[in-house]
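# Structural features, examined
Residues per chain are reported as follows:
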Amino acid sequence: MQFTDLGLSAELLRAIGEQGYTTPTPVQQQAIPHILAGRDLEALAQTGTGKTAAFVLPLLQRLTNPLVSPLQKVTHTAPRVLVLVPTRELAAQVTESVRIYGAHTGLRSLAVFGGVGINPQIQTLRRGIDILVATPGRLLDHLGQRTVDLSKVQTLVLDEADRMFDMGFIRDIRRIIERLPKVRQNLMFSATFAAEVRELAHTVLKNPALVEVARRNAPAELVSHAVIKVDKEQKRDLLLHLFEAHGWHQVLVFCRTKHGADALSKKLDQSGVRSAALHGNKSQNARTRALADFKAGKLAALVATDIAARGLDIDSLPRVVNFELPNVPEDYIHRIGRTGRAGASGEALSLVSSDERVELRDIERLLKREIATSVVPGFEPQHNNSVPRAAAGRPPAHKPAQARTRTGTGDRSSAPRSPRLARDGGGAKTASHHSGQRHR
Ligand code: AMP
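Report on the accompanying structure. If you're wondering where the values come from, they're calculated on a predicted model, not measured in any experiment.

A tally of regular secondary structure across the chain gives 17 helices and 14 strands. Residues counted as buried form 54% of the 440 residues belonging to the chain. Nonlocal contacts in the chain, meaning residues at least 24 apart in sequence, comprise 75% of its contacts between residues at least 6 apart. Total accessible area computed for the chain in this model is approximately 18,800 Å², and 51% of it derives from carbon and sulfur atoms.

Here is the structure:
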């Protein structure tokens, strides 16, 4: 199938051609006809599948079709499409896609998110826009100040809905939805369909078409996974060694905490590996600059926390390194979603110390495969690093919660980690997510 088979307008086909795309991705092939027809849609598609163009293209088309959208753009000022996203980076990325694909349509868009001044946003809103891309918090600020009018919204898009739940936006989202016209088109994109996402889909979507392009939690097919076992206190030196030995460039490195990301980035930089940290405590300007430098190849490493990295769109990123494994195994999938995009191959390398064996096992369970492990000469672990492996498809071994203690020197004795214990105890999801949030 070609883009020309999808019934898109000449203006859109021209913009797609300028991007060098010829073939729509599976999510685009499946979703575009439903959205063009005005149906609600529930799409299971992770980042990297081309999901942004899957909703942006048909919505641009509907906005320029006077039969579908009778309001002439010259006479109206209120947005007709509202896209809600979990992070500033994703807001900027979606708006950029609207700008690129809508280059020949004359439609106007705006990204509205916190961390930057509200006044320029107010001025642009006053001049009038067609597509509003917003994070929930800042949009509520605008609603509170009556600087945005949502009464003309024809289509609501909830992008990365699962992440919005992870980040605790659900109440904000419901408050925003209350302010929208009752009759509208609703589109929901999510990488996973956790129970709470299904519940929201149930209340928001009306007779939706279903599109599923990835197995639940399936990682990008083209990513290879590898683990290097190493003692915790050796990780920094090992990472430096890997950069030097392999001449790595453009590596996205994940840490669990903002502090850890700062410290590691500093250490890399001081040792001659150009690096920047990306996390929630950085100003929007610093984040934008770090990302631009990284994309331009000026930085060898971008050291990020999970939340900060959400929504990053970096073409052909060859390698993701997990300096620390995430608390929540699903975050591993989100992390590696940054590589192996749009058909390129990628490598996900994790530096795993003895205290992370439970996290590794949980990730292998989620992937339904074991990840090959190795050691690097000169960095052989001295601590007990035996990881009980999760064979593909094998059901989880049910250990009593108390038995889950850390081993190995360098750990804080056998102190149980509360989030994991909470999960074993059954009330887990929230506890583990909260824990993830707290650290980021
Ligand atoms: P997304 O899943 O929306 O984050 O998109 C992932 C990447 O795929 C982005 O860099 C897009 O520019 C790119 N992309 C989107 N659609 C296509 C396509 N049909 N062919 C090639 N690349 C695409």
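What follows concerns a positive patch on the surface. A surface patch of positive charge is lined by Arg146, Arg171, Arg175 and Arg179. Tracing the backbone through its elements, the reader meets Arg175 in helix H8 (residues 170-178).

Residue placement: Thr155 occurs in strand S5 (residues 155-158). For Thr155, a relative accessible area of 4% puts it in the buried group. For Thr155 and Arg184, which are 29 residues apart along the polypeptide, the C-alpha to C-alpha distance reads 5.5 Å. Beyond its immediate sequence surroundings of up to four residues, Thr155 is in contact with Leu59, Arg80, Val81, Leu82, Gln185 and Leu187.

What follows is about the sheet that holds strand S1 (residues 41-44). Here seven strands make up an open sheet; going across it, the order is S3-S4-S2-S5-S6-S1-S7 and the pairing parallel. The strands lining the two open edges of the sheet, one partner per strand, are strand S3 (109-112) and strand S7 (209-212). Along the sheet, successive strands turn relative to each other by an average axial angle of 15°, direction set aside. Examined bridge by bridge, strand S2 (residues 81-84) and S5 share four bridges and lie parallel to one another. In the sheet register, Val81 faces S5, and the bridge partner there is Thr155. The strands touched by helix H9 (residues 195-204) within the sheet are S1, S5 and strand S6 (185-190), with S6 carrying the most contacts at an inclination of about 170°.

Here helix H6 (residues 136-144) has its buried residues at Pro136, Arg138, Leu139, Leu140, His142 and Leu143. Within two residues after H6, Arg146 carries a phi angle of roughly 55°, on the positive side.

Where helix H2 (residues 26-36) contacts helix H3 (residues 51-64), the two axes come as close as 9 Å, and the packing angle between them is 25°. Taken as axis vectors, H2 and H3 run roughly parallel relative to one another. The element H2 and its partner H3 pack so that their crossing is right-handed. Counting all contacts with H2, which are made through Val27, Gln28, Ala31, Ile32, Ile35 and Leu36, the residues of H3 involved are Lys51, Ala53, Ala54, Phe55, Leu57, Pro58, Leu59, Gln61 and Arg62. Its residues placed into classes, the contact of H2 with H3 shows 11 nonpolar, two polar and two charged.

Moving on, we come to the side chain of Gln121. Its place among the elements puts Gln121 in helix H5 (residues 119-127). What makes Gln121 buried here is its relative accessible area of 5%. Within polar-contact distance, the side chain of Gln121 engages the side chain of Arg138 at 3.1 Å. Not counting the four nearest positions on each side in its chain, Gln121 is found in contact with Leu110, Ala111, Val112, Phe113, Val116, Arg138 and His142.

Look at Asn207: it is not a glycine, yet its phi comes out positive at around 45°. With respect to the helices and strands, the residue Asn207 is situated in the loop between H9 and S7. Given the relative accessible area of 64%, Asn207 is considered exposed. The phi dihedral of Gln250 falls on the positive side, at around 50°, and the residue is not glycine. Here Gln250 shows up in the loop between helix H10 (235-246) and strand S9 (251-254). Given a relative accessible area of 12%, Gln250 falls into the buried group.

This part takes up the pattern of salt bridges. It is possible for side chains of opposite charge to pair when their charged atoms get near one another. Evaluation of the coordinates by the stated rule reveals 18 salt bridges. Among the ionic pairs, Glu89 bridges to Arg287, the shortest N-O distance being 2.7 Å. Residue Glu89 is located in helix H4 (residues 88-101), and its partner Arg287 is located in helix H12 (residues 284-295); the two are separated by 198 residues in the primary sequence. Like Glu89, the residue Arg287 is buried in the burial classification. For Lys267, the salt bridge is made with Asp237, and the minimal N-O distance between the two is 3.6 Å. Of this pair, Lys267 sits in helix H11 (residues 258-270) while Asp237 sits in helix H10, placing them 30 residues apart in sequence. With relative accessibility at 25%, the residue Lys267 sits in the partly exposed group. Taking the relative accessible area as the measure of exposure, Asp237 reaches 35% and is therefore partly exposed. Three or more residues are tied together by salt bridges with common partners; here these are Lys51, Asp159 and Glu160.

Quick notes on the rules
Residues numbered from 1 in each chain as written. Predicted model: local features only at pLDDT ≥ 70, side-chain atom pairs only at ≥ 80, totals over all residues. Heavy atoms only, no water. Helix = DSSP H or I, 4+ residues; strand = E, 2+ residues; numbered from the N terminus. Buried < 20%, exposed > 50% of the residue type's maximum accessible area, 1.4 Å probe, protein only. Contact = heavy atoms within 4.5 Å. Areas by Shrake-Rupley, 256 points an atom, 1.4 Å probe, with all protein chains shown as cover. Patch = residues over 30% accessible without salt bridge, like charges linked within 9 Å, V, L, I, M, F, W, Y side chains within 5 Å. Salt bridge = Lys/Arg side-chain N within 4 Å of Asp/Glu carboxyl O. Lys, Arg positive; Asp, Glu negative; His and termini not counted. Charge placed at Lys NZ, Arg CZ, Asp CG, Glu CD. Pairing = 2+ DSSP bridges. Axes fitted to C-alpha atoms, helices over the stretch in contact; angles between N-to-C directions. Parallel < 35°, antiparallel > 145°, perpendicular 65-115°, else oblique. Left-handed = near helix turned anticlockwise from the far one by under 90°. Nonpolar A, V, L, I, M, F, W, Y, C, P; charged D, E, K, R; others polar. Polar contact = N/O pair within 3.5 Å; in protein donor to acceptor, adjacent residues only side chain to side chain.

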